[in-house]
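A closer look at the structure
Listed here are the chains, written in short residue letters.
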Amino acid sequence: MTEQKTFYITTPIYYPSDKLHIGHAYTTVASDAMTRYKKQRGYDAYFLTGTDEHGQKIQQRAAEAGQTPKEFVDGIVAGIKSLWELLDIQYDDFIRTTDERHEQVVQQLFQKIYDQGDIYKSEYSGWYCTPCETFFTERQLAEGHVCPDCGRPVQLAQEESYFFKMSKYADRWLEFIDANPDFIQPESRRNEMISFVKQGLEDLCVSRTTFDWGIKVPFDTKHVVYVWFDALVNYISALGYGSDNDEKFRKYWPADVHLMAKDIIRFHSIIWPIILMAAGIELPKKVVAHGWLLMQDGKMSKSKGNVVDPVVLAEKYGVDAIRFFLLREMAYGMDANYSEEALINCINIDLANDYGNLLSRTTAMVDKFLGGVIEPGTEGTEFDADLLALAAATPENMAKYMDKMDAANAVAEVWKLVARANKYVDETAPWALNKNGETEKLKTVMYNLAEVLRQVTILISPVMPHVADKVWAQLGLTAETAGSDWTALGWGGFPAGTKIQRGEPIFPRIDAEEALKQSAEAAAEAEVDAESEAAVEYLPIKPEITIEDFEKIDLRVCKVVAAEKIKKADKLLKLTVELCGEQRTVVSGIAMKYAPEDLVGKQLIIVANLKPVKLRGVESHGMILAASLGEDMQVVEAPCTILPGGEVR
Ligand code: MSP
């Protein structure tokens, strides 16, 4: 007997947040769909997710909430688990970095790497971005002293620290990447990572002493392990690595895929493999970075819009539709813009018109013309061969993309078959066959349509786990008679003589205008609630300055004449602004909230006399003002009646 093949997939472990949005949900939905797909194909698939609970940021937030860090994270983790349950995420394990099983593996690895001389004590002096939990050198920050990733202020960190000798492994890493060209996906990210390492890999600071919410360094307990060193280890601690029961580790490691968004590919494709190299553990097979789901108008925040809250969306549109939309919308490796309009369009076109309607018209015709019974006829039509050929090719066409984690194209392949079947209805015109008494042909046509629906439904089930039950009920099938995995895909599996049972549309059309109106009202209510809740965290007011200090700052109205993204800096936009009759370039950390085209033509406010700095190689001459609270941010617009160059006082 051949041994069952394994497939181990992970999502990043999430920072505990009660604001997980549909962007976060993308990674888990994609991983879940991938796991279900592999199971359908006979794999022993194992899916890990969890939470990343240590670090300065959590300690600060817990203190603000008047709780111990553990109380704080416990409350939030329960909410995250129920969100995954709602979205039908069937993970095999949920690891928390506060689990003892995890903490001891981190300590064990830290000790091992220290004992072999790859971790050493020194003094850290540099910059730290707490929201990103990332260290930066002066060189990486340039002169602006803002985080190059998120554009927020960084803090000076000067403390005794342990360092991990990453530099020692740079050549080995490059050799590994050379020998394993598919390790980092997509290719654009791979090239980025290679050039990052080729620029020179510095040793990584892997301990902190200025706070204590973390895993203690086993041989020097005033230090806690740097949160990323801690977090990455979850992928093996969850499997029991280094414990008495390491059966799962032996079975599933190396991971087949670590899936994540592009913002954390560096940690997964450079730091993690080097930790593993140092520890003498096999490297994962692949790390795949997807793009970001971008929200418009800062709608990512709770106060601004429950429209992007996955719970609200799932209640309004159904879990299957949300999952389908997420996977269909995000092209491989690219960013996608989220809008409720796009979601409604996807439901109305792909699900209601194409798939749902294929089922409705098929069952309606079988009912009307054939007394509700599906049975192949003794004669076929000239259009059958083409439909059957596509049906036969579709599983492999889909698999080609699924196997490289390209869910959007995989779904598109299945939808080609749906479209082909709808065209087949028009070509064969069953109503005419019925009218002309060509019953045998009619029976074959209806059988073929029902069989395509069966195949499509099996193929799409990993993406939409609830749809099959609804379709089977209308086609007169059950999970057993229809089949649920790839062994059931052979053409002709639809049991002849089945009696159908017509039902309501499986994806009712959405009245877009009404749905958007409801959301706008709900968002407005949420905003009022959020304001009255006053649960927002205000930053403390800075120390007093004099009017003379203030007068040194020259604030002006400017007009955005051009805007573009900056390569390899996902959070930054390069703006060309006009003021006082001239143009200049400003780099602004607002790309997560604004697309370039949203800004062109807007009048904003600029700090006009700020000393220019270079950010990601682009000289920024000034700073654009934005209002922000927590994660909410919006540029400050100046009145259009004042010409660019006008003063702001
Ligand atoms: N805790 C770290 C990961 C440690 S893994 C060893 C972390 N957590 S996170 O909660 O901030 O983000 C988790 C993941 O959510 C991101 O990597 C990404 O996969 C996903 N996303 C967060 N925002 C997203 C979008 N707007 N769009 C798509 N995915 C996004 O990073």
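Analysis parameters
Residues numbered from 1 in each chain as written. Predicted model: local features only at pLDDT ≥ 70, side-chain atom pairs only at ≥ 80, totals over all residues. Heavy atoms only, no water. Helix = DSSP H or I, 4+ residues; strand = E, 2+ residues; numbered from the N terminus. Buried < 20%, exposed > 50% of the residue type's maximum accessible area, 1.4 Å probe, protein only. Contact = heavy atoms within 4.5 Å. Near = heavy atom within 4 Å. Polar contact = N/O pair within 3.5 Å; in protein donor to acceptor, adjacent residues only side chain to side chain. Areas by Shrake-Rupley, 256 points an atom, 1.4 Å probe, with all protein chains shown as cover. Pairing = 2+ DSSP bridges. 1 Å grid on protein atoms, 1.4 Å probe; cavity = no way out; pocket = protein on both sides within 12 Å on 5 of 7 lines; lining within 4 Å. Points joined across faces, edges and corners; volume = space filled by probe spheres on them. Nonpolar A, V, L, I, M, F, W, Y, C, P; charged D, E, K, R; others polar. Salt bridge = Lys/Arg side-chain N within 4 Å of Asp/Glu carboxyl O. Arc of directions from axis to C-beta. Core = buried A, V, L, I, M, F, W, Y, C linked by side-chain atoms within 4.5 Å. pLDDT = per-residue confidence, 0-100. Patch = residues over 30% accessible without salt bridge, like charges linked within 9 Å, V, L, I, M, F, W, Y side chains within 5 Å.

1. Brief notes about the side chain of Thr97
Mapped onto the elements, Thr97 comes out in the loop between strand S3 (93-96) and helix H4 (100-115). Taking relative accessible area as the criterion, Thr97 reaches 0% and is therefore assigned buried. Excluding its chain neighbours within four sequence positions, the residues that come into contact with Thr97 are Ile13, Thr51, Asp52, Glu53, His54, His102, Glu103, Ile215, Asp230 and Ala231.

2. Quick word on the site of the ligand
Around the ligand sit 23 residues, and of these Ile13, Asp52, Ala261, Ile264 and Leu293 come closest. With respect to the ligand, the backbone of Gly23 contributes an N or O atom lying 3.0 Å from a nitrogen atom. Note that a nitrogen atom of the ligand is positioned 2.8 Å from one of the backbone N or O atoms of Leu293. Considering the ligand on its own, with 660 Å² of exposed area, one finds that the protein chains cover 94% of that surface. Elements represented by at least two residues in the shell around the ligand include exactly helix H1 (22-40), helix H8 (227-232), helix H9 (234-237) and strand S11 (257-261).

3. Considering the pairing of strand S1 (residues 6-10)
Two faces make up the sheet, and in a regular strand the side chains alternate between them. Within S1, 4 of the 5 residues are buried, which leaves it mostly tucked inside the rest of the structure. For S1 and strand S2 (residues 44-51), the ladder comprises 5 bridges, and the chain directions are parallel. Residue Phe7 lies in a different strand from S2, and its bridge partner there is Ala45. Looking at chain direction, S1 and S11 are connected through 2 bridges and run parallel. Pairing of Ile9 across the sheet is with Val257, part of S11.

4. As for the layout of surface pockets
Its boundaries defined by the atoms lining it, the second largest pocket holds a volume of some 440 Å³. Along its surface, the second largest pocket is lined by 20 residues, and Arg189, Lys262, Gly333, Asp335 and Asp570 are the ones closest to its centre. Secondary structure elements with two or more residues in the lining of the second largest pocket: helix H7 (187-198), strand S17 (555-566) and strand S18 (569-579). In terms of residue class, the lining of the second largest pocket is made up of 9 nonpolar, 3 polar and 8 charged.

5. Thoughts on the pattern of salt bridges
Taken as a whole, this structure holds 38 salt bridges when the rule is applied. The closest approach of N and O atoms between Asp350 and Arg328, which form a salt bridge, is 2.8 Å. Placement of the pair is Asp350 in helix H14 (residues 340-370) and Arg328 in helix H13 (residues 319-329), with a sequence separation of 22 residues. The exposure class of Asp350 is buried, given its relative accessible area of 10%. Arg328 sits in the partly exposed class, given a relative accessible area of 24%. Through salt bridges with shared partners, one network takes in Asp32, Arg36, Asp88 and Arg323.

6. A word on the environment of Glu53
For Glu53, the location among the structural elements is in the loop between S2 and helix H2 (56-64). Residues Glu53 and Phe494 lie 441 residues apart in sequence; the distance between their C-alpha atoms is 49 Å. Contact partners of Glu53, with chain neighbours within four places excluded, come to Pro16, Ile58, Val73, Val77, Arg96, Thr97, Thr98 and Trp213. A distance of 2.6 Å separates a polar atom in the side chain of Glu53 from a polar atom in the side chain of Arg96.

7. Quick look at empty space enclosed by the protein
For the coordinates displayed, the defined rule picks out 2 cavities of 30 Å³ or more. The space that makes up the largest cavity amounts to roughly 120 Å³. Taken together, 19 residues form the lining of the largest cavity, with Tyr26, His290, Met405, Asp406 and Ala407 sitting closest to its centre. Listing elements by their share of the lining of the largest cavity, those giving two or more residues are H1, strand S12 (287-290) and helix H16 (407-428). Broken down by element, the residue count for the lining of the largest cavity peaks at 4 residues, all from H1. Class assignment of the residues belonging to the lining of the largest cavity gives a composition of 15 nonpolar, 3 polar and 1 charged. Taken as a whole, the second largest cavity spans an internal volume of roughly 40 Å³. Taken together, the residues of the lining of the second largest cavity sort by class into 7 nonpolar, 2 polar and 1 charged.

8. Some words on helix H12 (residues 310-317)
Taken as a whole, H12 has its buried residues at Pro310, Leu313, Ala314 and Tyr317. Looking straight down H12, one finds that the buried residues subtend no more than 100° of arc, so they occupy a single side. N-cap assignment for H12: the residue whose side-chain oxygen lies 2.9 Å from the backbone N of Val311 is Asp309. Just beyond H12, the residue with positive phi is Gly318, at close to 95°.

9. So, the nonpolar core
In terms of nonpolar packing, the biggest core is built from 108 residues, with Trp84, Tyr355, Trp415 and Met464 touching the most fellow members. With 14 residues, the single largest contributor to this core is H14. With sequence-adjacent residues up to four places away left out, Tyr355 is seen in contact with Asp350, Trp415, Val418, Leu453, Val456, Thr457, Ile460, Met464, Val467, Val471, Ile506 and Phe507. Among the nonpolar cores identified, the runner-up in size contains 68 residues, and Tyr46, Tyr128, Tyr226 and Leu276 belong to it.

10. Here we look at the confidence of the model for the chain
For the chain, per-residue confidence averages 92 on the pLDDT scale, and 95% of positions sit at 70 or higher. Taken as a whole, residues 298-307 scores under 50 in pLDDT and shows 33 contacts with residues more than four places along the chain or in a different chain.

11. A word on a nonpolar patch on the surface
There is a patch of nonpolar side chains on the surface, built from Ile545, Ile547, Phe550 and Ile553 and spanning about 370 Å² of accessible area. As for its position among the elements, Ile553 is in the loop between helix H22 (547-551) and S17.

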